[in-house]
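Listed here are the chains, written in short residue letters.
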Amino acid sequence: MITKTCPHCGIAFKPARRTQRSCARKRCIAAQAAETRDRITKYQAAYRAAKRKKGANRSAAYRAAHPNKHAQYQATYRATHREQIAEYQAAYRAANRDKIAERHAAHRAANRKKLARRTAAYRAALRDEIARRTAAANAANAKKRAKQNAASRAAKRLSKARIKR
Ligand SMILES: [Zn+2]
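Description of the structure in this document. Quantities reported herein were computed from a predicted structural model and do not represent experimental measurements.

1. As for the overall build of the chain
Counting its regular elements, the chain contains five helices and two strands. The helix and strand sequence of the chain, counted from the amino end, reads β-β-α-α-α-α-α. A compact globule built from 165 residues should have a C-alpha radius of gyration of about 15 Å, whereas the chain, at 42 Å, is more than 25% larger. Across its three principal axes, the chain shows a C-alpha extent of roughly 150 × 35 × 25 Å. The buried share of the chain, reckoned over its 165 residues, is 2%. Excluding contacts between residues fewer than 6 apart, the proportion of contacts in the chain whose partners are at least 24 apart in sequence is 3%.

Now the structure itself:
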(Lines give C-alpha, C1' and ligand atoms only; values in the text may rest on other atoms or scores of the structure.)
Protein backbone atom coordinates (compact mmCIF):
# COMPACT_ATOMS: atom_id res chain seq x y z
CA MET A 1 0.00 0.00 0.00
CA ILE A 2 1.28 3.49 -0.92
CA THR A 3 1.35 6.18 1.70
CA LYS A 4 1.55 9.90 1.05
CA THR A 5 2.39 12.77 3.36
CA CYS A 6 -0.39 15.32 3.65
CA PRO A 7 1.02 18.72 2.56
CA HIS A 8 -1.35 20.48 4.97
CA CYS A 9 -0.78 18.68 8.24
CA GLY A 10 2.36 16.69 7.45
CA ILE A 11 0.79 13.40 8.60
CA ALA A 12 1.19 10.27 6.45
CA PHE A 13 -2.01 8.80 5.08
CA LYS A 14 -3.15 6.08 2.72
CA PRO A 15 -4.85 7.67 -0.33
CA ALA A 16 -8.07 6.00 -1.49
CA ARG A 17 -7.44 7.25 -5.04
CA ARG A 18 -4.21 8.03 -6.80
CA THR A 19 -5.31 11.62 -7.26
CA GLN A 20 -5.98 12.19 -3.57
CA ARG A 21 -3.47 14.79 -2.39
CA SER A 22 -4.41 15.45 1.21
CA CYS A 23 -5.41 13.32 4.15
CA ALA A 24 -9.07 12.89 5.03
CA ARG A 25 -9.18 15.56 7.75
CA LYS A 26 -11.86 18.16 7.04
CA ARG A 27 -9.38 21.00 7.46
CA CYS A 28 -6.95 19.40 4.99
CA ILE A 29 -9.66 18.56 2.48
CA ALA A 30 -10.82 22.20 2.59
CA ALA A 31 -7.25 23.44 2.25
CA GLN A 32 -6.68 21.09 -0.64
CA ALA A 33 -9.92 22.24 -2.34
CA ALA A 34 -8.85 25.87 -1.96
CA GLU A 35 -5.46 25.09 -3.44
CA THR A 36 -7.02 23.24 -6.35
CA ARG A 37 -9.43 26.11 -6.95
CA ASP A 38 -6.52 28.51 -6.89
CA ARG A 39 -4.53 26.39 -9.31
CA ILE A 40 -7.49 26.17 -11.69
CA THR A 41 -8.10 29.92 -11.50
CA LYS A 42 -4.45 30.62 -12.22
CA TYR A 43 -4.40 28.12 -15.03
CA GLN A 44 -7.54 29.59 -16.56
CA ALA A 45 -6.16 33.12 -16.29
CA ALA A 46 -2.91 32.03 -17.94
CA TYR A 47 -4.85 30.19 -20.62
CA ARG A 48 -7.06 33.19 -21.33
CA ALA A 49 -4.04 35.53 -21.41
CA ALA A 50 -2.21 33.23 -23.80
CA LYS A 51 -5.27 32.95 -25.99
CA ARG A 52 -5.73 36.73 -25.97
CA LYS A 53 -2.10 37.21 -26.92
CA LYS A 54 -2.33 34.65 -29.67
CA GLY A 55 -5.49 36.29 -30.96
CA ALA A 56 -3.91 39.75 -30.80
CA ASN A 57 -0.83 38.49 -32.60
CA ARG A 58 -2.96 36.86 -35.22
CA SER A 59 -5.09 39.95 -35.82
CA ALA A 60 -2.01 42.17 -35.92
CA ALA A 61 -0.50 39.83 -38.50
CA TYR A 62 -3.76 39.84 -40.43
CA ARG A 63 -3.96 43.63 -40.36
CA ALA A 64 -0.35 43.88 -41.51
CA ALA A 65 -0.96 41.42 -44.34
CA HIS A 66 -4.31 42.94 -45.42
CA PRO A 67 -4.16 46.66 -44.66
CA ASN A 68 -6.86 47.59 -47.15
CA LYS A 69 -9.16 44.79 -46.13
CA HIS A 70 -8.85 45.79 -42.53
CA ALA A 71 -9.57 49.45 -43.28
CA GLN A 72 -12.50 48.35 -45.39
CA TYR A 73 -13.75 46.13 -42.62
CA GLN A 74 -13.51 48.99 -40.14
CA ALA A 75 -15.31 51.33 -42.51
CA THR A 76 -18.06 48.77 -43.07
CA TYR A 77 -18.34 48.16 -39.38
CA ARG A 78 -18.59 51.87 -38.65
CA ALA A 79 -21.17 52.31 -41.39
CA THR A 80 -23.38 49.44 -40.23
CA HIS A 81 -23.01 50.12 -36.51
CA ARG A 82 -23.23 53.88 -36.53
CA GLU A 83 -25.93 54.03 -33.85
CA GLN A 84 -24.33 51.38 -31.71
CA ILE A 85 -21.00 53.17 -31.84
CA ALA A 86 -22.59 56.51 -31.02
CA GLU A 87 -24.44 54.93 -28.11
CA TYR A 88 -21.31 53.25 -26.89
CA GLN A 89 -19.33 56.46 -27.12
CA ALA A 90 -22.06 58.42 -25.34
CA ALA A 91 -22.17 55.81 -22.59
CA TYR A 92 -18.39 55.88 -22.32
CA ARG A 93 -18.38 59.67 -22.11
CA ALA A 94 -21.14 59.64 -19.51
CA ALA A 95 -19.36 57.01 -17.42
CA ASN A 96 -15.95 58.64 -17.74
CA ARG A 97 -16.88 62.30 -17.66
CA ASP A 98 -14.38 63.12 -14.91
CA LYS A 99 -11.61 61.10 -16.47
CA ILE A 100 -12.19 62.71 -19.87
CA ALA A 101 -12.29 66.20 -18.37
CA GLU A 102 -9.06 65.45 -16.54
CA ARG A 103 -7.43 64.18 -19.70
CA HIS A 104 -8.54 67.26 -21.61
CA ALA A 105 -7.24 69.54 -18.88
CA ALA A 106 -3.94 67.67 -18.85
CA HIS A 107 -3.74 67.89 -22.62
CA ARG A 108 -4.48 71.60 -22.55
CA ALA A 109 -1.91 72.16 -19.81
CA ALA A 110 0.69 70.20 -21.75
CA ASN A 111 -0.07 72.03 -24.97
CA ARG A 112 -0.80 75.47 -23.58
CA LYS A 113 2.05 77.12 -25.45
CA LYS A 114 1.27 75.39 -28.71
CA LEU A 115 -2.43 76.24 -28.39
CA ALA A 116 -1.64 79.87 -27.51
CA ARG A 117 0.64 80.13 -30.53
CA ARG A 118 -2.02 78.61 -32.76
CA THR A 119 -4.72 80.91 -31.38
CA ALA A 120 -2.50 83.95 -31.84
CA ALA A 121 -1.69 82.94 -35.41
CA TYR A 122 -5.38 82.38 -36.09
CA ARG A 123 -6.28 85.79 -34.65
CA ALA A 124 -3.54 87.51 -36.64
CA ALA A 125 -4.69 85.83 -39.84
CA LEU A 126 -8.27 86.79 -39.06
CA ARG A 127 -7.26 90.38 -38.29
CA ASP A 128 -5.48 90.66 -41.65
CA GLU A 129 -8.44 89.16 -43.42
CA ILE A 130 -10.91 91.49 -41.70
CA ALA A 131 -8.71 94.52 -42.43
CA ARG A 132 -8.45 93.46 -46.08
CA ARG A 133 -12.24 93.04 -46.36
CA THR A 134 -12.94 96.35 -44.63
CA ALA A 135 -10.53 98.17 -46.93
CA ALA A 136 -12.13 96.54 -49.98
CA ALA A 137 -15.63 97.48 -48.77
CA ASN A 138 -14.54 101.06 -48.04
CA ALA A 139 -12.96 101.38 -51.48
CA ALA A 140 -16.11 100.03 -53.12
CA ASN A 141 -18.27 102.43 -51.11
CA ALA A 142 -16.04 105.39 -51.94
CA LYS A 143 -16.27 104.55 -55.62
CA LYS A 144 -20.07 104.25 -55.38
CA ARG A 145 -20.35 107.53 -53.47
CA ALA A 146 -18.12 109.32 -55.99
CA LYS A 147 -20.31 108.04 -58.81
CA GLN A 148 -23.46 109.17 -56.99
CA ASN A 149 -21.97 112.59 -56.28
CA ALA A 150 -20.96 113.01 -59.89
CA ALA A 151 -24.46 112.01 -61.00
CA SER A 152 -26.15 114.44 -58.61
CA ARG A 153 -23.78 117.28 -59.64
CA ALA A 154 -24.58 116.59 -63.26
CA ALA A 155 -28.32 116.62 -62.48
CA LYS A 156 -27.99 119.95 -60.64
CA ARG A 157 -26.06 121.50 -63.51
CA LEU A 158 -28.71 120.34 -65.90
CA SER A 159 -31.60 121.82 -63.82
CA LYS A 160 -29.74 125.18 -63.39
CA ALA A 161 -29.20 125.37 -67.10
CA ARG A 162 -32.97 124.73 -67.63
CA ILE A 163 -33.91 127.52 -65.17
CA LYS A 164 -31.63 130.02 -66.94
CA ARG A 165 -33.29 129.34 -70.24
ZN1 LIG B 1 -3.79 16.48 6.42
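2. Re the environment of Ala-90
Its place among the elements puts Ala-90 in helix α3 (residues 82-95). Classification of Ala-90 by C-beta neighbours within 10 Å gives exposed; the count is 10. Along the chain, Ala-90 and Ala-154 lie 64 residues apart, while their C-alpha atoms are 69 Å from each other.

3. Describing α3
Helix length check: α3 (14 residues) gives 20 Å between terminal C-alpha atoms against 20 Å at 1.5 Å per residue, within 8%. The buried fraction of α3 is low, at zero of 14 residues.

4. Some points on the environment of Tyr-73
Considering the arrangement of structural elements, one finds Tyr-73 in helix α2 (residues 67-80). The partly exposed category is assigned to Tyr-73, around which 13 C-beta atoms lie within 10 Å. C-alpha separation for the pair Tyr-73 and Tyr-47, spaced 26 residues apart in sequence, amounts to 29 Å.

5. Looking at the environment of Ile-85
Checked against the element boundaries, Ile-85 lands in helix α3. Note: C-alpha distance between Ile-85 and Ala-46 (39 residues apart in sequence) is 31 Å.

Reading the values: the criteria
Residues numbered from 1 in each chain as written. Predicted model: local features only at pLDDT ≥ 70, side-chain atom pairs only at ≥ 80, totals over all residues. Helix = DSSP H or I, 4+ residues; strand = E, 2+ residues; numbered from the N terminus. Rg over C-alpha atoms; globule rule 2.2 N^0.38 Å. Buried ≥ 20, exposed ≤ 12 C-beta atoms within 10 Å, placed from the backbone. Contact = placed C-beta atoms within 7 Å. Expected span 1.5 Å × (residues − 1).

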